[in-house]
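What follows is each chain in one-letter form.
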Amino acid sequence: MHNVVLHEADSAPNTQHAALLQVEDLKMYFPIRKGLLQRKVGEVKAVDGVSFALRPGETLSLVGESGCGKTTTGRSIVRAYKQPPSAGRILFRGDNGHVADLARLSDAEMKPYRKAVQMVFQDPFASLNPRMTVRDIVGEPLRVNGMAQGRELEARVAELLHRVKLPPEFMSRYPHAFSGGQRQRIGIARALATNPRLVVADEAVSALDVSVQAQILNLMQDLQAELGLTYLFVAHNLSVVRYISDRVAVMYVGRVVELAETSKLFAMPRHPYTEALLANVPRPDPRARRSRIVLQGEVPDPANPPSGCHFHPRCPYAKERCRVEIPVLRELASGHHVACHFAEELTLRGVDTSAVAGASP
Amino acid sequence: MDVARNLPNGMQPALPADVAEELAALEREDASGRAVATASQWKLMWWRFRKHTLAKVSLAVLGFLFLVAIFADAIAPYDPTVTQSNRTYAPPQPIYIIENGRLTWPFALGLKSTIDAESLRRMYVLDHEQRIDMGLFVQGEPYRLLGLFETNTRLFGASNGAQQVSVLGSDRLGRDLFSRMVHATRISLSIGLAAVFVSLLLGVTLGGISGYVGGRVDMVIQRVVEFIDAIPSLPLWMGLSAAIPLTWPPLWVYFAITLVLSLLGWTGMARVVRGRFLAMREEDFVMAARVSGSGERRIIFRHMLPSFVSHIIASLTLTIPGRILGETSLSFLGLGLKEPIISYGVLLQDAQNIRAVATAPWLIVPALVVVVIVIAYNFLGDGLRDAADPYA
Amino acid sequence: MNDLLLEVENLQTHFFLDDGLVKAVDGVHLHIRRGRTLAVVGESGCGKSIMARSLLQIVTPPGKIVGGAIRYHRGPGDVVNLLDYDRKGPEMRAFRGREAAMIFQEPMASLSPVYTIGNQIVESFRLHFKVSKAEARTVAIEMLRKVGIPRPEARFDAYPHQLSGGMRQRAMIAMALICQPNLLIADEPTTALDVTTQAQILELLQKLQAELEMAVVMITHDLGVVAEMADDVAVMYLGQVVEQGSVDDIFYNPQHPYTRGLLASIPRLEGATRARLAAIPGTVPHPYARPGGCPFHTRCRERIINRLDMCKTEAPPLVQVGAEHHARCWLHHNQGVELSSEAVQLASLPLTTTGGH
């Protein structure tokens, strides 16, 4: 097993003794193959040097638009792909205090860590095997990890269903008998089966209707408090992120461009992309209609990203330097990391929270 | 802060009223209909399949034919290999159940034969004087039922064992055509199944490896599949079966032909399996199983395979008629099964020339049965294909 | 006030499925006015998309419009009921594309992959106007420029797959608006898009609406989009409009418990960090198991519970609660209010029964 000591000096953002997870310069490239001989003709740099740390018990959100690499980052961390990450380290602190680099573990070596690192999927319909009963779905992690069998397994599944507020009597049903929200509860119960410490929630509420989305968000918050879970919450909806996360990392074309505490990031964004994202979210408040900062162009193809700062072709503040030099993610203020050459000089607009203090019920 | 959070473990609050009510509604919904909620995929498929009338009828037809095949010895009234020179090309003897406008015990009429002086052919007319009563479970030639029990009870026949009734006539050597067809059903249906089974093994193994491993291996297997697909099948079949030594015993020939038929037929299956594997590899629930800690073997056999077993069955069903037709064509051309094995192809060999068909038109009845079998398999396969994915 | 364009009355679209009857649209009343945007909002399965398709009679079997009227006010005194026309007939074909157009969430629903976008736009123009190809080409290029496609002369000959998602969306809008229709129906036009692209398309739609003075029916599940775009709002639940009014009425003075619940359950950008949301309990019932009475009663927090249990047994009528503001709820009905305030013992009330159970 690859046990690595955490080097505090070279650790990227948020040097923390007790970090549960520390991702360092993570890269995930997917080859593009073409032709009869399946020759590699290029690479999609889905994740291109991402670093962040997760403290025990917190929720960190990865946000961004399609193709920004947020989902790939989440999946690479739980080692959901058959191929290991292309580069970088995923340092996970186990229960005994040992730190393992999940990025380098073989499938067999990864197995003990699967119990501790779990995942909730986006699509409540595709992520549950339609041919298995709820008992088999929720019980699968227990069975394959040799944690419970027979009666004991059934009792544990019942307890898990109770936790996600589904009646245990439903365990002999198949997924088709449940609504989207109920299926997502089943998915959460499965993720919790092995008493994980880290749960990666990959767009866990994006596919749900608003009224149900709120139920699931509340449930996830309750479970976090009850079980002391740490969440890596992957999402594209900034409003949802606001509710659930302690800190937010904004990604753009495979890189983190800004990482800060939620309220700071929303109130005072330091990266022009974050500003644009916040400004473009449609607000459910007709009297607050305002002039949008409409960005030009669209998110670039990660197989062929622009030079320098990936955001420069769309950035209203871009200068020559942005075209040639890749900005590094640096700590601008305590805990506020930005990857922009001109972060100090720009005055960016965030979300004004004072005006609507009482509006939200 | 929610109060519920502070409760000690094991003292979870009761189900919220709203959730309970909604679930109660779900319960009612089930009670009114079928137990959909706990229905496995096979049950759901069956419910879907039931809506397909043609497929259901075809299933019944095939079921009947398989019964015939299994109990061929008992159903055939006569030994299919016994030749009778006095019954060469004897016409069918219809069974009557109405006599003088009244329902009566089924009977047939005897045959009177004369030799035509000019052509030296035997000519037959129904002998209205000679009434032959039919019977169920009559005594006939002894045989072994299912190859086990010695008996001489036949399902039906002339009550008097000394008389003969050929309901579908006789062939060139005076053998009872109906009995021969009953035995041919056994060979033709089983060779279709056996050939498809061998294709299935080859197709699932190679297709599965191709789809699951991917990369170079996939490329090589796919090229092989394309190469085999590019070979015209009939000439190759002919070549391969011509290579079967004439000295081989009939049973060996039977297996050799099965192998010939399936060696070319697995490619379609391999494509289906590969495609399913490729699609399945990307499924979220497969990724979820991996994240749960499931090993590759469990992922393949517990998650991936069950997801497309039904598709495999459906496409298998659609390939069986091809195999049956393959055997029939080979035997028809004299390259497949040979006497004393009886298959529909072997029977149709007798109907090869126009003179034989003109003299004894009943010799093409086996072709009609082949058509029925092929159509039934196709309808059944269609029904299965529609029902194969009950979650779509 | 002669700005009424389309008057929908008691529209009913049902789906006749093997497993039963689904009343996808069940008695919808709507007024669509010239130059204004009506947003139809609701969760999945509420029938909003089917309703939109019914307006153009493009519902395909097993779906069928079984009742109601759609009155189209072509001009002063010139009113026709579109449902009098055959859905495949020439009048309806002339209406679609020329007078009313539709755009979809997925641009490839209306763009063919085998023709260039220019070709398709020209075709839809020449279907309704007798002009030469060259003239149509000029109009089409002008339209492409208007929807913000850069270098339209070059893009005219591009195939849909050669364009990015946002550009395809623009090409679809150009095709829909080439005949300058009076009515544009937009079915979740920005749902599949990224936030920054969504903002571009929403802005484009607003600009084009002002320019062409058309009415827009915007089908969406996103209350943020509604707030940004709509003048009027109709909230749908299980095939019925449960509340309709001006955008201000709906957002600042919601009267139906479902609208209130929806507004409370959406996360807001300005909200508190690490807070709980006020979720609506339960889920939208399955269309086969539609509750009797008020279809929302199973999830309603403000349900009137008394001996009559009318929310459960009687379908509520559409009640006027403001100048142009209606809600389908017993809470606002005289009878309902009286019944709930007194502890009623009457068993024989002259209520009109509408719903089946």
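Residues numbered from 1 in each chain as written. Chains lettered and ligands numbered in written order. Predicted model: local features only at pLDDT ≥ 70, side-chain atom pairs only at ≥ 80, totals over all residues.

Things to note about the overall build of chain C
This is how it is decided: Secondary structure elements are defined from DSSP: runs of H or I of at least 4 residues count as helices, runs of E of at least 2 residues count as strands, and each element is numbered from the N terminus. Residues with at least 20 other C-beta atoms within 10 Å of their own are called buried, those with 12 or fewer are called exposed, and the rest are partly exposed. The C-beta atoms themselves are positioned from the backbone. We call two residues in contact when their backbone-placed C-beta atoms lie within 7 Å.
If you tally the helices and strands in chain C, you get 12 helices and 12 strands. The principal-axis extents of the C-alpha atoms in chain C amount to approximately 75 × 55 × 45 Å. With 357 residues in all, chain C has 50% of them scored as buried. Of the contacts made within chain C by residues no fewer than 6 positions apart, 63% connect residues no fewer than 24 positions apart.

A few points about the overall build of chain A
Stated formally: Within these notes, the globule rule equals 2.2 Å times the number of residues to the 0.38 power, and the radius of gyration is based on C-alpha atoms.
The number of helices and strands found in chain A is 10 helices and 12 strands. A globule of 361 residues ought to have a C-alpha radius of gyration of about 21 Å, and chain A, at 21 Å, matches this closely. Projected onto its principal axes, the C-alpha coordinates of chain A cover approximately 65 × 55 × 50 Å. Residues counted as buried form 53% of the 361 residues belonging to chain A. A sequence separation of at least 24 residues applies to 65% of the contacts in chain A between residues at least 6 apart.

Considerations on the interface of chain C and chain A
Short version of the rule: Here the nonpolar group is Ala, Val, Leu, Ile, Met, Phe, Trp, Tyr, Cys and Pro; Asp, Glu, Lys and Arg are the charged ones; every other residue, Gly included, is treated as polar.
Contacts between the two partners involve 44 residues from chain C and, on the opposite side, 44 residues from chain A. Take the side of chain C that touches chain A: its biggest share by element is 7 residues, from helix 7 (residues 195–212) of chain C. Looking at the side of chain C that touches chain A residue by residue, the classes come out as 19 nonpolar, 15 polar and 10 charged.

Section: the sheet that holds strand 4 (residues 87–93) of chain A
As a general point, the strands of a sheet are linked pairwise by backbone hydrogen bonds and lie either parallel or antiparallel. Residues and elements named next belong to chain A. To be explicit about the condition: Strands pair, by our definition, only if DSSP identifies at least two bridges between them. For helices, the fitted axis covers only the stretch in contact; all axes are lines through C-alpha atoms, and the angles between them, taken along N-to-C directions, range from 0 to 180 degrees.
As summarised here, the arrangement of the 4 strands in space is 2-1-4-5, forming an open sheet in which the pairing is antiparallel. Unpaired on one side and paired on the other, strand 2 (39–54) and strand 5 (99–101) mark the two borders of the sheet. With direction set aside, neighbouring strand axes in the sheet form an average angle of 25 degrees. For strand 1 (residues 21–34) and strand 2, the ladder comprises 12 bridges, and the chain directions are antiparallel. Within the sheet, the bridge partner assigned to Q22 lies in strand 2 and is A53.

Focus: the sheet that holds strand 5 (residues 78–81) of chain C
Residues and elements named next belong to chain C. Read across the sheet, 4 strands follow the order 2-1-4-5 without closing on themselves; strand pairing throughout is antiparallel. Only two strands of the sheet have a single neighbouring strand rather than two, namely strand 2 (20–33) and strand 5. Averaged over all pairs of adjacent strands, the angle between their axes in this sheet comes to 10 degrees, without regard to strand direction. Inspection of the sheet shows strand 1 (residues 4–17) paired to strand 4 (residues 63–75) by 8 bridges, in the antiparallel sense. Bridge pairing in strand 4 places E7 opposite R71.

Topic: unusual backbone geometry
For the bond running from P61 of chain C to P62 of chain C, omega is 10 degrees, close enough to zero to count as cis. Positionally, P62 of chain C belongs in the loop between helix 1 (48–55) and strand 4. Phi at K165 of chain A is positive, roughly 65 degrees, even though this residue is not glycine. Topologically, K165 of chain A is positioned in the loop between helix 4 (150–163) and helix 5 (180–192). One non-glycine residue, R151 of chain C, lies in positive phi territory at about 45 degrees. Along the polypeptide, R151 of chain C turns up in the loop between helix 4 (133–146) and helix 5 (152–155). A residue is classified by how many C-beta atoms lie within 10 Å of it, and R151 of chain C, with 10 of them, is exposed.

Some details on the domain arrangement of chain C
Spelled out, the test is: As annotated, the domain borders come from an automatic or database domain assignment.
Along its sequence, chain C is organised into domain 1 (107–180) and domain 2 (254–347). The C-alpha-based centres of domain 1 of chain C and domain 2 of chain C are spaced at 45 Å.

Points about the packing of helix 10 (residues 296–332) of chain B against helix 13 (residues 365–387) of chain B
Residues and elements named next belong to chain B. For clarity, the cut-off: Roughly parallel means an angle under 35 degrees; roughly antiparallel, over 145; roughly perpendicular, 65 to 115; everything else is oblique. Crossings are classed by handedness, with left-handed meaning an anticlockwise turn of the near helix from the far one by less than a right angle and right-handed meaning a clockwise turn.
Following both chains from N to C, one finds helix 10 and helix 13 inclined at 165 degrees, their axes separated by 7 Å at the closest point. Taken together, helix 10 and helix 13 sit at an angle that is classed as roughly antiparallel. Two packed elements cross with a definite hand, and for helix 10 against helix 13 that hand is left-handed. Contact residues: helix 10 offers I313, A314, T317, L318, I320, P321, I324, L325 and T328, while helix 13 offers V370, I373, V374, Y377, N378, L380, G381, L384 and R385. Across the contact of helix 10 with helix 13, the residue classes break down as 13 nonpolar, 4 polar and 1 charged.

What about helix 10 (residues 257–265) of chain C?
For helix 10 of chain C, the buried fraction is high: 7 of the 9 residues fall into the buried class. Taken as a whole, helix 10 of chain C has its buried residues at P257, Y258, T259, G261, L262, L263 and S265 of chain C. Close packing links the buried residues of helix 10 of chain C with helix 6 (210–227) of chain A together with helix 8 (223–229), strand 9 (232–237), strand 10 (240–246) and helix 9 (247–252) of chain C.

Things to note about the environment of G383 of chain B
Residue and element names in this part refer to chain B. Relative to the helices and strands, G383 is located in helix 13. For G383 and A314, which are 69 residues apart along the polypeptide, the C-alpha to C-alpha distance reads 8.2 Å. Once you skip the residues sitting within four places of it in the chain, G383 turns out to touch F49, H52, L54 and A55.

Here's the deal with the confidence of the model for chain C
Atom-level detail of predicted coordinates should not be read off regions where pLDDT is low. Residues and elements named next belong to chain C. Where we set the bar: Scored between 0 and 100, pLDDT is the confidence that the predictor attaches to each residue.
Per-residue confidence for chain C gives a mean pLDDT of 84, with 93% of residues at or over 70. Taken as a whole, residues 341–357 scores under 50 in pLDDT and shows 14 contacts with residues more than four places along the chain or in a different chain. For this predicted complex, the interface confidence reaches an ipTM of 0.83, while the overall pTM sits at 0.81.

Overview of the packing of helix 5 (residues 177–213) of chain B against helix 8 (residues 250–281) of chain B
Residues and elements named next belong to chain B. At a minimum axis distance of 5 Å, the contact between helix 5 and helix 8 shows a crossing angle of 35 degrees. Helix-helix and strand crossings are classified by hand; for helix 5 and helix 8 the assignment is right-handed. Residues that form the contact of helix 5 with helix 8 fall into these classes: 20 nonpolar, 9 polar and 2 charged.

Re the pairing of strand 6 (residues 117–120) of chain A
Residues and elements named next belong to chain A. Neither face of strand 6 is open: one carries V117 and M119, the other Q118 and V120, and all of them are buried. As paired elements, strand 6 and strand 7 (residues 198–202) share 4 bridges and run parallel to each other. Looking at the pairing, Q118 lines up with V199 of strand 7.

Examining the pairing of strand 10 (residues 255–261) of chain A
All names here are of chain A. Within strand 10, 6 of the 7 residues are buried, leaving the element largely enclosed by the surrounding structure. As paired strands, strand 9 (residues 247–252) and strand 10 are joined by 6 bridges and run antiparallel to one another. In the sheet register, R247 faces strand 10, and the bridge partner there is E261. The antiparallel hairpin formed by strand 9 and strand 10 contains 2 residues in its connecting segment, where V253 sits at a positive phi of about 45 degrees. As paired strands, strand 10 and strand 12 (residues 336–338) are joined by 2 bridges and run antiparallel to one another. Counted as the bridge partner of L259 is H337 from strand 12.

Focus on the environment of L219 of chain A
Residue and element names in this part refer to chain A. One can find L219 in helix 6. For L219, a count of 18 C-beta atoms within 10 Å puts it in the partly exposed group. Expressed as a C-alpha distance, the spacing of L219 and R185, which sit 34 residues apart in the sequence, is 8.6 Å. Residue contacts for L219: discarding those within four places in its chain leaves V164, K165, R185 and I188.

Quick notes on the environment of P300 of chain A
All names here are of chain A. Tracing the backbone shows P300 in the loop between helix 9 (272–280) and helix 10 (320–324). Taking the C-beta count within 10 Å as the criterion, P300 has 17 such neighbours and is therefore assigned partly exposed. Distance from P300 to S263, taken between C-alpha atoms, is 28 Å for residues 37 residues apart in sequence. The contact partners of P300, leaving out residues within four places of it in the chain, are V253, P305, P306 and H310.

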